[in-house]
Amino acid sequence: MGLAERIAERGDGVLLFSLTPPRSSTTPEDAQRIADITLDRLDSLDLDGLILYDIDDESDRNPVERPFPYLPTMDPASFLSDHLTRWRRPVVVYRCVGKYDEESMERWLAAQDPGKVLSVFVGASTSGKERALELPAAQKLHAEVNPKLQLGGVAIPERHSRSGSEHHRMVAKQQAGVSFFVTQVVYDVSAAKSMLSDYFYACEEAGIAPVPVIFTLSVCGSMKTVEFLEWLGVDVPRWMRNDLAHADDPLTVSLNQCLAAAAELAAFARRLGTPHGFNVESVSNRRREIEASVELASTLRG
């Protein structure tokens, strides 16, 4: 059964691996080399699909200096069509909709095979940010041009911790056509469980069945990566930060933390009866952290 069918049938156990496309300044030859190395790494994993992120400058959201500089990346749709032709399984293509005008978005939607491509639409990082296309307009285009293409939404446990209303956003997005959710990187398991619980009971109250919630996990091999995750808005609990800061091998500590988080989240989701899965993300481009991400995905599948 393909990814789109499993999502539609609210299946459990989806495993995805997310990639950030190369920098936009990368030559076609180097982009292909990067794609080939990546696919070779992922070859042994029994993945249900890939996620391709669409990176936008979010410095307007956070006034603190970014730990890693923002560098524009290739359009994920172009990276997929031009360089990932060897990949035969489904791909979830993120779209920061404000970067694209209506014509280009309509053209992209019309060209997609719903059996092979899913998407997650992401709105502007702040209300004041200039954008070519508004999120509601992009959702309307999706409904008109290619409604069979499965559309996902972003769920943020940290936002739920602060506002207590993320579950209402999730239900509203689901009622507007979203058929799965992908979370921001989860380090605070308690916050993720609270969000999932509130979402489950909000669905019950609304008379609808919960859709799959795919939890994103990411290993962390240095405090610089921790600082970047925090800059992105990820809450890293104090005890976990201390463990990483004082560990002789923070990467191994982080890998074990991710596995413990996955086990706790899976057990809780099963107890609630909420369909769930996992997405493994490598925040850093350091080789050891990428290899540890592959190990994490392999262990989760096992």
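Scroll up for the structure.
This one's a predicted model, so the numbers in the text were calculated from it and none came from an experiment. (Residues numbered from 1 in each chain as written. Predicted model: local features only at pLDDT ≥ 70, side-chain atom pairs only at ≥ 80, totals over all residues. Heavy atoms only, no water.)

Undergrad: What is the right way to look at the packing of helix α8 (residues 189-206) against helix α11 (residues 250-272) in this model?
TA: Packed helices, taken two at a time, are described by the angle their axes make and the gap between the axes. Running from N to C, α8 and α11 point in directions that differ by 15°, and their axes come no closer than 11 Å. Accordingly, the angle class assigned to the pair α8 and α11 is roughly parallel. Crossing geometry of α8 relative to α11 is assigned as right-handed. Each of Val189, Ala192, Lys193, Leu196, Ser197, Phe200 and Tyr201 in α8 lies in contact with α11, whose residues at this interface are Ala261, Glu264, Leu265, Phe268, Ala269 and Leu272. (Axes fitted to C-alpha atoms, helices over the stretch in contact; angles between N-to-C directions. Helix = DSSP H or I, 4+ residues; strand = E, 2+ residues; numbered from the N terminus. Parallel < 35°, antiparallel > 145°, perpendicular 65-115°, else oblique. Left-handed = near helix turned anticlockwise from the far one by under 90°. Contact = heavy atoms within 4.5 Å.)

Undergrad: Please explain the side chain of Asp54 as it appears in this structure.
TA: Tracing the chain through its elements places Asp54 in the loop between β2 (49-52) and α3 (76-83). By relative accessible area, which is 6% here, Asp54 ends up buried. Looking at Asp54, its side chain comes within polar contact range of the main-chain nitrogen of Cys96, at 2.8 Å. Separated by 2.8 Å, the side chains of Asp54 and Tyr100 make a polar contact. Excluding residues within four positions of it along the chain, Asp54 makes contact with Pro76, Tyr94, Arg95, Cys96, Lys99 and Tyr100. (Buried < 20%, exposed > 50% of the residue type's maximum accessible area, 1.4 Å probe, protein only. Polar contact = N/O pair within 3.5 Å; in protein donor to acceptor, adjacent residues only side chain to side chain.)

Undergrad: Honestly, the sheet that holds strand β1 (residues 14-19) in this entry has me stumped. Any pointers?
TA: Hydrogen bonds between backbone groups are what pair the strands of a sheet, and the pairing can be parallel or antiparallel. Read around the closed barrel, 8 strands run β1-β2-β3-β4-β5-β6-β7-β8, paired in parallel fashion. When strand polarity is set aside, the average angle formed by the axes of neighbouring strands in this sheet is 30°. Strand direction decides the pairing type here: strand β5 (residues 151-155) and strand β6 (residues 180-185), joined by 4 bridges, are parallel. Within β6, the residue paired with Val154 across the bridge is Val182. Sitting on the sheet, α3 touches β2, β3 (91-96) and β4 (117-122), and the angle it makes with β3 is about 145°. (Pairing = 2+ DSSP bridges.)

Undergrad: Sorry if this is basic, but what is going on with the pattern of salt bridges here?
TA: Opposite charge on two side chains lets them pair, provided their charged atoms get close. One pass over the full model with this rule turns up 19 salt bridges. Put simply, Arg86 and Asp40 hold a salt bridge, and the shortest N to O gap is 3.2 Å. With Arg86 in the loop between α3 and β3 and Asp40 in helix α2 (residues 28-42), this pair connects stretches of sequence that are 46 residues apart. Accessibility expressed as a relative area gives 40% for Arg86, which makes it partly exposed. The residue Asp54 makes a salt bridge to Lys99 at a minimum N-O spacing of 2.8 Å. Remark: Lys99 occurs in the loop between β3 and α4 (102-111) and Asp54 occurs in the loop between β2 and α3; sequence separation between them is 45 residues. Taking relative accessible area as the criterion, Lys99 reaches 37% and is therefore assigned partly exposed. Each of Arg6, Asp46, Asp48, Arg89 and Arg301 takes part in a single network of salt bridges with overlapping partners. (Salt bridge = Lys/Arg side-chain N within 4 Å of Asp/Glu carboxyl O.)

Undergrad: Before we go on, may I ask you to explain the pairing of strand β7 (residues 213-217) in this structure?
TA: Both faces of the sheet carry side chains from a regular strand, because those side chains alternate between them. Counting buried positions along β7 gives 5 out of 5 residues, so the element sits mostly inside the fold. What you see with β7 is no split at all: Val213, Phe215 and Leu217 on one side and Ile214 and Thr216 on the other are buried throughout. Sheet analysis places β6 next to β7, joined by 3 bridges and oriented parallel. Note on β7: the bridge partner recorded for Val182 is Ile214. Following the backbone out of β6, through α8 and into the adjacent parallel β7, one traces a crossover that is right-handed. Here β7 runs beside strand β8 (residues 276-281); their pairing, made up of 5 bridges, is parallel. Bridging from a neighbouring strand, Phe215 pairs with Phe278 of β8. (Right-handed = clockwise from strand over helix to strand, strands pointing away.)

Undergrad: Looking at this model, I keep getting lost on the environment of Asn279. Mind explaining?
TA: As for its placement among the helices and strands, Asn279 is situated in strand β8. Judged by relative accessible area, Asn279 falls into the buried class, the value being 0%. Between the alpha carbons of Asn279 and Ser218 there is a distance of 8.6 Å; along the sequence they are 61 residues apart. Excluding its chain neighbours within four sequence positions, the residues that come into contact with Asn279 are Leu16, Phe17, Ser18, Ile51, Tyr53, Val182, Ile214, Phe215, Thr216 and Leu217.

Undergrad: So what exactly am I meant to see when it comes to the nonpolar core here?
TA: Soluble globular proteins tend to pack their nonpolar side chains together in the buried interior. One finds Phe17, Leu47, Leu50, Met105, Tyr199, Phe215 and Phe278 to be the most contacted residues of the largest nonpolar core, which totals 66 residues. Looking at this core element by element, the count peaks at 10 residues for α11. Aside from chain neighbours lying at most four places away, what touches Phe17 is Leu42, Leu45, Leu47, Gly49, Leu50, Ile51, Asn279, Val280, Ser293, Val294 and Ala297. Counting residues in hydrophobic clusters, the runner-up holds 13 residues, among them Leu3, Ile7, Val14 and Phe180. (Core = buried A, V, L, I, M, F, W, Y, C linked by side-chain atoms within 4.5 Å.)

Undergrad: Would you mind showing me how to read unusual backbone geometry here?
TA: With glycine set apart, most residues show a phi of negative sign, and most peptide bonds adopt trans. A positive phi is found at Arg10, a non-glycine position, where the angle reads about 55°. Mapped onto the secondary structure, Arg10 falls in the loop between α1 (3-8) and β1. Note on Arg10: relative accessible area 36%, which makes it partly exposed.

Undergrad: Before we go on, may I ask you to explain the layout of surface pockets in this structure?
TA: Regions of empty space are outlined by a rolling probe, equal in size to a water molecule, passed over the atoms. Volume-wise, the second largest pocket comes out at about 300 Å³. Lining the second largest pocket are 14 residues, and of these Leu80, Trp87, Arg88, Arg89 and Lys116 lie nearest its centre. Broken down by class, the residue content of the lining of the second largest pocket amounts to 6 nonpolar, 4 polar and 4 charged. (1 Å grid on protein atoms, 1.4 Å probe; cavity = no way out; pocket = protein on both sides within 12 Å on 5 of 7 lines; lining within 4 Å. Points joined across faces, edges and corners; volume = space filled by probe spheres on them. Nonpolar A, V, L, I, M, F, W, Y, C, P; charged D, E, K, R; others polar.)

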